[in-house]
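Coordinates in review
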Amino acid sequence: MKTRITELFGIQHPIIQGGMHYVGFAELAAAVSNAGGLGIITGLTQRTPELLAEEIRRCREMTDKPFGVNLTFLPTVSSPDYPGYIKAILDGGIKAVETAGNNPQKWLPALHEAGVKVIHKCTSVRHALKAESIGCDAVSVDGFECGGHPGEDDVPNFILLPRAAEELKIPFVASGGMADGRSLVAAMALGAEGMNMGTRFIATKEAPVHENVKRAIVEASELDTRLVMRSLRNTERVLKNDAVDRLIQKEKDLGANLKFEDIIEEVAGVYPKIMREGAMDAGAWSCGMVAGLIHDVPTVKELIDRIMAEAEAIIGQRLARSIVA
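Let me begin by describing the structure that accompanies this report. (Residues numbered from 1 in each chain as written. Predicted model: local features only at pLDDT ≥ 70, side-chain atom pairs only at ≥ 80, totals over all residues. Heavy atoms only, no water.)

What the protein contains, in helices and strands, is 14 helices and 10 strands. For the protein, whose C-alpha radius of gyration is 19 Å, the value lies close to the compact-globule estimate of 20 Å for 325 residues. Dimensions of the protein, computed from the C-alpha atoms along their principal axes, are close to 60 × 45 × 35 Å. Split into buried and exposed, the 325 residues of the protein put 53% on the buried side. Across the protein, the fraction of contacts at a sequence separation of at least 24, relative to all contacts at a separation of at least 6, is 62%. (Helix = DSSP H or I, 4+ residues; strand = E, 2+ residues; numbered from the N terminus. Rg over C-alpha atoms; globule rule 2.2 N^0.38 Å. Buried < 20%, exposed > 50% of the residue type's maximum accessible area, 1.4 Å probe, protein only. Contact = heavy atoms within 4.5 Å.)

Okay, here's the thing in structure tokens:
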């Protein structure tokens with residue numbers, strides 16, 4: 001399948017694996033790239049630029065296909081060593097970067113000078129237009145269904161994607177609710193040039209997370225996610241568990257007086273415990289509503305091959321039969 005996204009990133013299939021904290025390691029990124037998609041290493045999961053450089057080297061040993069790095073720009077007082085991370089990306093020969101969080105404009109000249117294509121994650125049309133105006137090569141449009149941070153507008157992809165198509169000139173992929181060939185065809189029908197998957201890729205054999213995490217996703221329904229931190233304007237969609245129940249109760253009890261410090265036990269530093277140790281009630285962790293569409297744990301290649309076969313069958317057979325000559 002050929003789209004502007006496959007041409008932009010030099011990949012076979014219009015499928016991108018989004019950056020995910022303590023999930024986007026070399027093993028998963030390489031598996032996605034080897035299967036024809038665009039694998040992504042999560043930059044800030046690596047605590048230092050030196051560790052990111054090593055992770056890039058590890059991924060190079062596992063694939064000769066294009067892969068990228070996610071770099072999230074956090075609104076914090078003590079920022080990570082972003083110049084160091086950018087240097088690791090450039091020194092590692094990376095040609096695709098997924099940016100997220102704050103405006104990446106400051107870093108675009110150095111990336112573009114090195115031939116890097118930048119795709120920025122956006123949860124609204126206005127943010128997507130801003131990304132286009134500052135020179136991003138593509139955007140990932142994240143609907144309200146997505147795991148992680150869906151923004152504050154609460155617009156689902158059935159509205160957000162065609163609105164983005166009406167406004168944008170650069171290509172974009174759909175993110176949030178993406179799981180199979182139906183997702184890909186629907187996203188493209190609404191104007192996207194491909195799709196970005198996060199939660200679906202966690203439930204694969206190569207995802208370097210504890211089996212408890214994969215089992216929790218497979219057993220979850222579309223009704224099992226919750227939105228937390230809304231009053232802090234840092235909304236996150238997470239999978240329901242005991243820690244999330246405690247967090248929601250604190251939000252209810254404290255109301256407008258809630259501060260981040262009140263919920264730090266449920267949200268800070270919990271990912272290693274969950275993703276590595278399988279302590280499923282250790283804290284809140286990002287998961288999309290798409291969990292309701294995930295029923296197995298295939299290899300990445302099996303998943304991507306199945307998605308593409310299903311998408312081509314939908315386009316070439318079921319939809320084609322509905323056309324009346």
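Membership of the largest hydrophobic core comes to 85 residues, with the highest contact counts inside it found for Val139, Phe201, Val213, Ile217 and Trp285. Broken down by element, the residue count for this core peaks at seven residues, all from helix α14 (residues 300-321). (Core = buried A, V, L, I, M, F, W, Y, C linked by side-chain atoms within 4.5 Å.)

Right, let's get into the pairing of strand β10 (residues 236-239). The alternating pattern of β10 places Glu236 and Val238 on one face and Arg237 and Leu239 on the opposite face, and all of these are buried. As paired elements, strand β9 (residues 225-228) and β10 share four bridges and run antiparallel to each other. From the neighbouring strand, Val228 faces β10, where its bridge partner is Glu236. (Pairing = 2+ DSSP bridges.)

Attention now moves to the packing of helix α2 (residues 26-34) against helix α3 (residues 49-62). Two numbers describe how α2 lies on α3: the axes approach to 9 Å, and their chain directions differ by 40°. Taken as a pair, α2 and α3 cross one another with a handedness that is right-handed. Contacts between α2 and α3 pair Ala26, Glu27, Ala29, Ala30 and Asn34 from the former with Glu55, Arg58, Cys59 and Met62 from the latter. Looking at the contact of α2 with α3, its residues break down into five nonpolar, one polar and three charged. (Axes fitted to C-alpha atoms, helices over the stretch in contact; angles between N-to-C directions. Left-handed = near helix turned anticlockwise from the far one by under 90°. Nonpolar A, V, L, I, M, F, W, Y, C, P; charged D, E, K, R; others polar.)

On to the packing of aromatic side chains, then. In total, this model carries four aromatic pairs according to the counting rule given. Ring geometry for Tyr22 and Phe25: centres 6.2 Å apart, planes at 70°, overall edge-to-face. Relative to Trp107, the ring of Phe73 lies with its centre 6.1 Å away and its plane at 5°, an arrangement referred to as stacked. A residue pair is termed long-range when its members are at least 10 positions apart, and Phe73 in strand β3 (residues 67-73) and Trp107 in the loop between β4 (96-101) and α5 (108-113) qualify at 34 residues. On the basis of relative accessibility, which here comes to 4%, the residue Phe73 falls in the buried class. Clustering of aromatic rings is evident, with ring pairs tying together Phe73, Tyr82 and Trp107. Note that Arg237 overlies the ring of Phe144, its terminal NZ or CZ placed 4.9 Å from the centroid. (Phe/Tyr/Trp six-rings, centres within 6.5 Å; stacked < 30°, edge-to-face > 60°. Lys NZ or Arg CZ within 6 Å of the ring centre and 35° of its normal.)

Its volume calculated, the second largest pocket comes out at about 310 Å³. Sorting the residues of the lining of the second largest pocket by element identifies α7 (157-167) and α8 (181-189) as the ones contributing at least two each. Taken together, the residues of the lining of the second largest pocket sort by class into nine nonpolar, five polar and four charged. (1 Å grid on protein atoms, 1.4 Å probe; cavity = no way out; pocket = protein on both sides within 12 Å on 5 of 7 lines; lining within 4 Å. Points joined across faces, edges and corners; volume = space filled by probe spheres on them.)

Glycine aside, a negative phi is what most residues show, and trans is what most peptide bonds show. Here Tyr22, not a glycine, exhibits a phi torsion of approximately 60°, which is positive. Looking at the element boundaries, Tyr22 is found in the loop between β1 (15-17) and α2. In this structure Tyr22 comes out as buried when scored by relative accessible area, which is 11%. For Arg233, which is not a glycine, the phi torsion comes out positive at approximately 55°. Summarising the element assignment, Arg233 is placed in the loop between β9 and β10.

Along the polypeptide, Thr235 turns up in the loop between β9 and β10. At 3.1 Å, the side chain of Thr235 and the side chain of Arg230 are in polar contact. (Polar contact = N/O pair within 3.5 Å; in protein donor to acceptor, adjacent residues only side chain to side chain.)

That's the geometry; what it means functionally is another story.
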